[in-house]
Amino acid sequence: MSAVPSAVSRGLMGIGDVLEVLRPDFPDVTISKIRFLEGEGLIAPQRTASGYRKFSHADVERLRYVLACQRDQYLPLKVIREHLEAIDRGLEPPASSADGPRVPRALVSTDGMPNADSFRGNADVRLSRGELLEASGLTDSLLEQLEGYGLITKRGQHYDGDTLVIASTVAEMAAFGIEPRHLRTFKVAADREVGLVEQVVTPMLRQRDPESQQRADDAIRELAALSVRLHASLVKAGLATELRR
C-alpha cells in the first residue's frame, strides 16, 4: 500500500505533473533540477512506499519561489534557504534590496534561450570581493581558482554583474562535484566564439560613422545569442539519452 494514500484525492502530484505546471513560467526547469533542489533540502515532497515523489500544492509554490529567486535575482541557494526558513517560521523573507546587488535576469525567448537583449551587459553592478562571495555563495578558495583559470576577472577595482552570474553558476555546479579546473574548456570555447564574432564585426567597426557602430553593436548581441543557442542545443542533443531517462 502507498505511504501516501489517496494521493489524487489529496491533490498530490507526481514529478512529471509538477514539471508541466512550472514550465509555462520556467521553461528551463527539468526533473533533474527539481531533484537537485530536493537534495539541497529546499523542498521535501512526500514519498510513496515505492519511492515515488508526491508533491502538494504547497511544495509546488515553494518550488516556484525558489526558481523565481534564481531567475529574477540570481540569489544563491544559501540565501534562498534563509528566505524559506524565515517563511517557515511565519516571518517575511528579507527584502530584495537587503540581499545584495540586484542583477537583471537574462531576457529569454519563448524556448528559454537568451535573446540579443541578454547581452547588453551588467556594468552598472559593482561588487567588492566580499560582496561577490556573499552574493554568489562561492568560497574564497573557489574564487581564487576561477581567477587563476581566467573565468573571472575584475573590471577595474570591482566585479560586475556578469561576473556575479558566472560565480553563482559555478557555485551551483560545484554542488555536483564540478571544480574550476573542469571548466577551463568552457573558457576556451567562449574565447573561440568571441573570436568568431570579432571576425564578423571588425569590418563594421572600421567604419567610423554612428550607423556602422550601431550595426556592429546589434550584430554582436545577435551573434552572441545565436552562439549560446547553438551551444545549448548541441549539448542538449548530445545528452538526449540521459535527458529522456
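Residues numbered from 1 in each chain as written. Predicted model: local features only at pLDDT ≥ 70, side-chain atom pairs only at ≥ 80, totals over all residues. Heavy atoms only, no water.

A. Region of the structure containing the overall build of the protein chain. Per the secondary structure count, the protein chain includes 10 helices and 2 strands. When its helices and strands are written in sequence order, the protein chain yields α-α-β-β-α-α-α-α-α-α-α-α. The buried share of the protein chain, reckoned over its 245 residues, is 32%. Of the contacts formed within the protein chain by residues at least 6 apart in sequence, a portion of 59% connects residues at least 24 apart. Within the structure as shown, the protein chain displays about 14800 Å² of accessible surface, and the carbon and sulfur contribution to it stands at 54%. (Helix = DSSP H or I, 4+ residues; strand = E, 2+ residues; numbered from the N terminus. Buried < 20%, exposed > 50% of the residue type's maximum accessible area, 1.4 Å probe, protein only. Contact = heavy atoms within 4.5 Å. Areas by Shrake-Rupley, 256 points an atom, 1.4 Å probe, with all protein chains shown as cover.)

B. Looking closely at the packing of aromatic side chains. Under the defined criterion, the tally for this structure stands at 1 aromatic pair. A centroid spacing of 4.7 Å and a plane angle of 25° characterise the contact between F36 and F176, whose relative ring orientation is stacked. On the criterion of sequence distance, the pair formed by F36 in helix α2 (residues 31-39) and F176 in the loop between α7 (161-174) and α8 (184-206) is long-range, its members being 140 residues apart. Here F36 falls in the buried class, since its relative accessible area comes to 10%. Here F176 falls in the exposed class, since its relative accessible area comes to 57%. (Phe/Tyr/Trp six-rings, centres within 6.5 Å; stacked < 30°, edge-to-face > 60°.)

C. Seen up close, the environment of E179. Inspection of the secondary structure assignment puts E179 in the loop between α7 and α8. Placed 37 residues apart in sequence, E179 and L142 show a C-alpha to C-alpha distance of 8.2 Å. In terms of polar contacts, E179 uses its side chain to reach the side chain of R181, at 2.7 Å. (Polar contact = N/O pair within 3.5 Å; in protein donor to acceptor, adjacent residues only side chain to side chain.)

D. Summary view of the side chain of T163. Within the element layout of this structure, T163 appears in helix α7. Judged by relative accessible area, T163 falls into the buried class, the value being 4%. Those residues in contact with T163 that sit more than four places away from it in its chain are L132, I152 and T153.

E. Quick peek at the pattern of salt bridges. Per the counting criterion, the structure on display carries 15 salt bridges. The residue R64 makes a salt bridge to D25 at a minimum N-O spacing of 2.7 Å. With a gap of 39 residues between them, R64 in helix α3 (residues 57-73) and D25 in the loop between α1 (15-22) and α2 connect regions that are remote in the sequence. Residue D25 is classed as partly exposed on the basis of its relative accessible area, which comes to 43%. Among the salt bridges present, the one from R81 reaches E40, with a minimum N-O distance of 3.6 Å. One end of the pair, R81, is in helix α4 (residues 77-88); the other, E40, is in the loop between α2 and β1 (46-47), and 41 residues separate them in sequence. The partly exposed category is assigned to E40, whose relative accessible area is 28%. A cluster of three or more residues bridged by salt bridges with shared partners is formed by D25, E61 and R64. (Salt bridge = Lys/Arg side-chain N within 4 Å of Asp/Glu carboxyl O.)

F. The confidence of the model for the protein chain, seen in detail. Per-residue confidence for the protein chain gives a mean pLDDT of 82; residues scoring 70 or more make up 83%. Taken together, the stretch residues 1-9 has pLDDT below 50 and engages in 15 contacts with residues farther than four places along the chain or on a different chain. (pLDDT = per-residue confidence, 0-100.)

G. Local environment of the nonpolar core. In terms of nonpolar packing, the biggest core is built from 23 residues, with V18, L22, I34, L37, F55 and L63 touching the most fellow members. Counting only elements with at least two residues in this core, the list comes to α1, α2, α3 and α4. The leading source of residues in this core is α3, at 5 residues. Setting aside residues up to four positions removed in sequence, V18 forms contacts with M13, I34, F55, V60 and L63. Counting 16 residues, the second largest nonpolar core, distinct from the first, contains L146, L151, Y159 and V170. (Core = buried A, V, L, I, M, F, W, Y, C linked by side-chain atoms within 4.5 Å.)

H. Helix α9 (residues 210-238), seen in detail. Taking 1.5 Å of rise per residue, the 29 residues of α9 would be expected to cover 42 Å, and the 42 Å separating its terminal C-alpha atoms lies within 8% of that figure. Those residues of α9 hidden inside the fold are in contact with α8. (Expected span 1.5 Å × (residues − 1).)

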